[in-house]
Structures are given as C-alpha cells and as structure tokens.
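Given next are the chains, with one letter for each unit.
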Amino acid sequence: MAGIVVVFDFDKTIIDLDSDNWVVDELGATDLFNQLLPTVPWNALMDRMMKKLHSQGKSIEDVAEVLKRAPIHPRVVPAIKAATLWGTSLAPCLCDLRIVSDANRFFIETIVEHIGIKDCFSEINTNPTRVDEEGRLRIFPYIDFHSSPHGCDLCPPNMCKGLILERIQASVSAEGKKKFIYLGDGSGDFCPSLKLGEGDYVMPRKNYPLWDLICKNRDHVKAEIHEWCDGEELERVLLRVISMASMEESSSELFSVDCKFETVNGCP
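Anyway, here's the lowdown on the structure attached to this text. (Residues numbered from 1 in each chain as written. Predicted model: local features only at pLDDT ≥ 70, side-chain atom pairs only at ≥ 80, totals over all residues. Heavy atoms only, no water.)

This part is about the pattern of salt bridges. On inspection of all chains with the given rule, the structure shows 15 salt bridges. A salt bridge links Arg98 to Glu123; the nearest nitrogen and oxygen atoms lie 2.8 Å apart. Residue Arg98 is found in strand E2 (residues 95–104), and its partner Glu123 is found in strand E3 (residues 121–127); the two are separated by 25 residues along the sequence. Salt bridges linked by common partners bring Asp96, Arg98, Glu123 and Arg167 together as one network. (Salt bridge = Lys/Arg side-chain N within 4 Å of Asp/Glu carboxyl O. Helix = DSSP H or I, 4+ residues; strand = E, 2+ residues; numbered from the N terminus.)

Set out below in structure tokens:
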C-alpha cells in the first residue's frame, strides 16, 4: 500500500517543453496555429491542427515520431523510476505516481511509453483522444465545459486540476493517511497546489507561472514548498522530499505502535 502519492504535471515538468507547441512547430503548422489561437479554445484548436495536418498527408505515425523526439532532461526518467522503487530497511515506502496534465492522452502515452516509464504511473488524467475511421487524431476537452462547467475561476474551462486532485485524495483516503507531492510549472497547477494540506509538498518549477503565483500567495499554500529549476534538480529535490515524507510516515507509524504497546502494558 502506497503511503505517498506523487502527482506530476507533464509539459515542462516531465518533458522540457509544451507537447502541443512541439508537434505544431515540428510539422510546420505554426502560422495557422498562431492565426487561430486568439479566437479558438485550445483543445478545439489542437483538434483543428490535427485535421489540417491530416489533410496535408501527415499520418498519426508522423505525429508519434515527432513526439518521440521531444526533449527531456536525462535525469527525469531516472528520477521517476527511482521514485517508484523508493524505500530502505529503515523507511520502507511505496509511491503511487500519477499524471495530471492539460496535454492529451495520445501525446502523453506515446512519450512515456517511448522513454520507458508508462508502467510507473497508476493513472493518467488528461484530455481524451481517439483515432477516427480516417486515421486522424481527434482531441477533446477533459470535460464538456458548455454543458457541465467546473466553476473554477483559477483553471481553464476544459479542466480543473484541483477537482482532479480532490478526487484522487478521496479515492485513496480509505487506505489511510497519505502524503501528497505535487510537481508542476504552469498557472493551471496553482489550483491543485491549494488543495494540498499540511504535511504535503508542492514542487513548483522556479521562474515559471506556478512559482510566481505561489510567491505572491504564500499564505494560501499549506504544503511545504520545494522549488526546482531543471531535471537534475528535480531528481535531487524529489528524492529528498520522498525521503522526508517516508521518514515522517515511518515515525508516525512507530509512535502509533509504541502507544498501543504502552496501552497493553497499562502505561499512562
């Protein structure tokens, strides 16, 4: 049973750029993308980009090959694999790793499978995709914000990461107290950061929008803040935070056992 839940954003956290922009730029659709961006919602815009690229003869395999070239810091994959295997004889610990991202399922799954970390994650929460009968990739919003808006002013209309985090918190609560570690970079990661409590940890990427928002609203963030700059620092900080969290969990369990032992022996 995992005592620590580690939640990752994807773009500019696991990979070092925005996957949507990477695909659009690499396949030569940047001009049209920039032309439509002011008037079309992001998910609908990416869906239209996939339609345009398909009409130009770009296959889903072409999209996948571009995704496999997405830059990623060489220490990120070892960090994620180390987090799944974390534990010592003094502080045994299992970490439950999840992704919460405003990218999309095809982009994320293509990349994490290519770099060998797909099985590290128990869940990927993101905008859904499917391949239609013509072989075109379709991209849809996480929720239908026209019929069922999430009502959060901090998040984009298609996804509230805070609501997703609350669902994860509720789903694991039956297993006992969990410590959460949240890693992200963007403004959409601020809402879930506010859902973390004392004893949890937030890891914002320094000098990115999440970091700026936390710096301006520190009184509203209950979790411990541990910033990072690049993949090398992400690895170092993440493993240190997991170590801290696991030691706290072990100490708490030891204290609980001691109390039970004293009660049995009639100690005050």
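If you trace the 6 strands from one edge of the open sheet to the other, you get E3-E2-E1-E6-E7-E8, paired in parallel fashion. The sheet is open, and its two edges are formed by E3 and strand E8 (224–225), each paired on a single side. Pairing of strand E1 (residues 4–8) with E2 involves 5 bridges; the strand directions are parallel. Across the sheet, residue Ile4 finds its bridge partner in E2, namely Cys95. Of the strands in this sheet, E1, E2, E3 and strand E6 (179–184) are in contact with helix H7 (residues 161–172), which crosses E2 at around 155 degrees. (Pairing = 2+ DSSP bridges. Contact = heavy atoms within 4.5 Å. Axes fitted to C-alpha atoms, helices over the stretch in contact; angles between N-to-C directions.)

For His150, the position within the fold is in the loop between strand E5 (137–139) and H7. A distance of 2.7 Å separates a polar side-chain atom of His150 from the backbone oxygen of Pro156. Residues contacting His150, with those up to four places away along its chain left out, are Ile143, Cys155, Pro156, Pro157, Asn158, Met159, Cys160 and Leu163. (Polar contact = N/O pair within 3.5 Å; in protein donor to acceptor, adjacent residues only side chain to side chain.)

Now for the packing of aromatic side chains. Summed over the entire model, instances satisfying the criterion amount to 3 aromatic pairs. Ring centres 5.2 Å apart and planes at 80 degrees place the aromatic pair Phe33 and Trp42 in the edge-to-face group. Given a relative accessible area of 32%, Trp42 falls into the partly exposed group. (Phe/Tyr/Trp six-rings, centres within 6.5 Å; stacked < 30°, edge-to-face > 60°. Buried < 20%, exposed > 50% of the residue type's maximum accessible area, 1.4 Å probe, protein only.)

Quick look at H7 now. Over its 12 residues, H7 extends 17 Å from the first C-alpha to the last, a length consistent with the 16 Å expected when each residue adds 1.5 Å. Looking at H7, one finds that the buried residues are Lys161, Gly162, Ile164, Leu165, Ile168 and Val172. Buried residues of H7, seen end-on, are gathered within an arc of 160 degrees and therefore sit on one face of the element. Contacts made by the buried residues of H7 are with E1, E2, E3, E6 and helix H8 (190–195). (Expected span 1.5 Å × (residues − 1). Arc of directions from axis to C-beta.)

So, about the layout of surface pockets. In this approach the atoms are scanned with a rolling probe the size of a water molecule, which exposes any empty space left behind. Estimated volume of the largest pocket: approximately 650 Å³. Lining the largest pocket are 31 residues, and of these Asp18, Trp42, Asp102, Ala103 and Pro156 sit closest to its centre. Those elements giving two or more residues to the lining of the largest pocket turn out to be helix H3 (42–55), E2 and E5. (1 Å grid on protein atoms, 1.4 Å probe; cavity = no way out; pocket = protein on both sides within 12 Å on 5 of 7 lines; lining within 4 Å. Points joined across faces, edges and corners; volume = space filled by probe spheres on them.)

Take helix H4 (residues 60–68) next. Ile60, Val63, Ala64, Val66 and Leu67 are the residues of H4 that are buried. In a view along the axis of H4, the buried residues occupy a sector of 160 degrees, so they form one face of it. In this structure, the buried residues of H4 make contact with helix H1 (19–26), H3, helix H6 (105–114), strand E4 (129–131) and E5.

The analysis is restricted to geometry; functional conclusions fall outside its scope.
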